[in-house]
Amino acid sequence: MVGTPADHSIRVVIIDDSLLVRNIISDQIKKESRIQVIATGKTGVDCIELATKLRPDIVILDVEMPVMDGLSALQELQKRKLGIPVMMLSVLTQHGAEATFKALEYGAIDFVPKPSSSNQFNPEEIGTVLRNRILAYFESLRPSHAGLDPKKLVDAVKSKIFKDGKKAVEAVCIGTSTGGPKALQTVFSDFPENFHLPIFVVQHMPVGFTKAFASRLNDHSKINIKEAEDGEEVRPGTGYVAPGDAHLKIESKAGRKWIALGREALVNGHRPSVEVLFDSAIREYGSALVGVIMTGMGKDGAAATFRMREAGASTVAQDEDSSVIFGMNRQAIEMGGVQFVEPVSAITSRILSILKERGN
């Protein structure tokens, strides 16, 4: 993997068959002095040639292009072991979503909406997202984050502040962002067929992608996973993915739990927000929870993870090494709300272990 540029700006290559899109992305990136566009191209062949010749710090790559498409170019980059991170430009359609998830499986670090006349994002919004994610990715590569040793920090607060809940667990909540799609696929593929609790998920993702994402998770899981719907009853052994642009909350009616979706104000810059889901779960389940906070930029869910731990719930964070961006989970660890730190490959086994210890 290419290291963090320390003594120069982040060097970017943009590949898209549309001259207009290349110009829009270039203009937006140039607004950040720490990021520099060093070349552009319009096919996957251009991508391979420019990446090999210039060795940029990151490539911004469209999916659908003539001569060689983005997925083929991405696979070729991986074969050549150039170690250059790739961020995809994704059309907000069902087909675009499916191609994007394949790209993430092939090793792309993230995706952003592609500028077009048909989507709801204007160039300034996409530019802000793109600049922030590029900067956050390279910031996450800087070593040790002010000397943070997650396991030592977790051990220091584990037994001093909180009382562990003794009730059997009734639900699992998971929050994630950048790097989450691939990480969640790993987590859900490890749940056994007889897993009997509801699992609520907030993955920061635009409208039009979450339904396809839930379907993709379902294809890789032994339990049922779906996009959450407003007013549906919560059922055991089911994963509920928050729709793009809607907060996911849990409510009680007549002794049963129900899904409530809302378009209230953004929280921590997000809708859906991990914070909103976690706080809702604390109100409804109290200590009978497992909360999991995973890879992602920013701090969404970190404070709520602490509140979850205060309530006696068990909390798990994805570790730094397996995170695309050690952000949300780092913040949660630093706040002292995390009970266990695990690589993504061990998160499900940790959840199952917690359930066993708590009498499920």
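These numbers were taken from a predicted model, which means no experiment stands behind them.

Some thoughts on the layout of surface pockets
A volume near 1200 Å³ is recorded for the largest pocket. Taken together, 49 residues make up the lining of the largest pocket; nearest its centre are Phe111, Val129, Arg133, Ser177 and His204. Listed by contribution, the elements that provide at least two residues to the lining of the largest pocket are helix H3 (70-79), strand S5 (110-113), helix H5 (123-140) and helix H7 (180-189). When residues in the lining of the largest pocket are grouped by element, the largest group, 7 residues, is from H5. When its residues are assigned to classes, the lining of the largest pocket shows 25 nonpolar, 18 polar and 6 charged.

What about the environment of Glu125?
Among the structural elements, Glu125 can be located in helix H5. Residue class for Glu125 comes out partly exposed when judged on its relative accessible area of 39%. Along the backbone, Glu125 and Pro115 are 10 residues apart, and their C-alpha atoms lie at a distance of 9.7 Å.

Topic: the sheet that holds strand S13 (residues 314-318)
Overall, parallel pairing links the 7 strands, which are arranged S8-S9-S7-S6-S12-S13-S14 in an open sheet. Each edge of the open sheet is held by one strand with a lone partner, namely strand S8 (224-227) and strand S14 (340-342). Across the sheet, the mean angle separating the axes of adjacent strands is 20° when strand polarity is ignored. When strand S6 (residues 171-176) meets strand S12 (residues 289-293), the two strands line up parallel, connected through 5 bridges. Its bridge partner lying in S12, Cys173 is registered against Gly291. Along the sheet, helix H9 (residues 274-285) contacts S6, strand S7 (199-203) and S12; its crossing angle with S6, the most-contacted strand, is approximately 165°.

Section: unusual backbone geometry
A negative phi angle characterises most non-glycine residues, just as the trans form characterises most peptide bonds. Residue Pro272 is reached from Arg271 by a cis peptide bond, and omega for that bond is 10°. With respect to the element layout, Pro272 can be found in the loop between strand S11 (256-262) and H9. For Val67, which is not glycine, the phi torsion reads 70° and is therefore positive. By the element assignment, Val67 lies in the loop between strand S3 (58-62) and H3. Despite not being glycine, Ala254 has its phi angle at roughly 50°, a positive value. Mapping Ala254 onto the fold places it in the loop between strand S10 (247-253) and S11.

A word on the pairing of S10
Every regular strand shows the same layout, with side chains that alternate between the two sheet faces. Note: S10 against S11, 7 bridges, orientation antiparallel. Following the sheet pairing, Lys249 is matched in S11 by Ala260. Hairpin remark: S10 followed by S11, antiparallel, with 2 residues in the connecting loop; positive phi at Ala254, about 50°.

Overview of empty space enclosed by the protein
Here the structure, examined in full by the defined rule, presents 1 cavity of 30 Å³ or more. The volume enclosed by the largest cavity comes to roughly 40 Å³. What lines the largest cavity is simply Phe101, Leu104, Glu105, Pro181, Lys182, Gln185, Phe213 and Arg216. At the level of secondary structure, the elements contributing two or more residues to the lining of the largest cavity comprise helix H4 (94-106), H7 and helix H8 (210-219). Of the residues that constitute the lining of the largest cavity, the class distribution is 4 nonpolar, 1 polar and 3 charged. Counting only domains with at least three residues in the lining of the largest cavity, you end up with domain 1 (10-141) and domain 2 (150-358).

Quick notes on the rules
- Residues numbered from 1 in each chain as written.
- Predicted model: local features only at pLDDT ≥ 70, side-chain atom pairs only at ≥ 80, totals over all residues.
- Heavy atoms only, no water.
- 1 Å grid on protein atoms, 1.4 Å probe; cavity = no way out; pocket = protein on both sides within 12 Å on 5 of 7 lines; lining within 4 Å.
- Points joined across faces, edges and corners; volume = space filled by probe spheres on them.
- Helix = DSSP H or I, 4+ residues; strand = E, 2+ residues; numbered from the N terminus.
- Nonpolar A, V, L, I, M, F, W, Y, C, P; charged D, E, K, R; others polar.
- Buried < 20%, exposed > 50% of the residue type's maximum accessible area, 1.4 Å probe, protein only.
- Pairing = 2+ DSSP bridges.
- Axes fitted to C-alpha atoms, helices over the stretch in contact; angles between N-to-C directions.
- Contact = heavy atoms within 4.5 Å.
- Domains from an automatic or database assignment.

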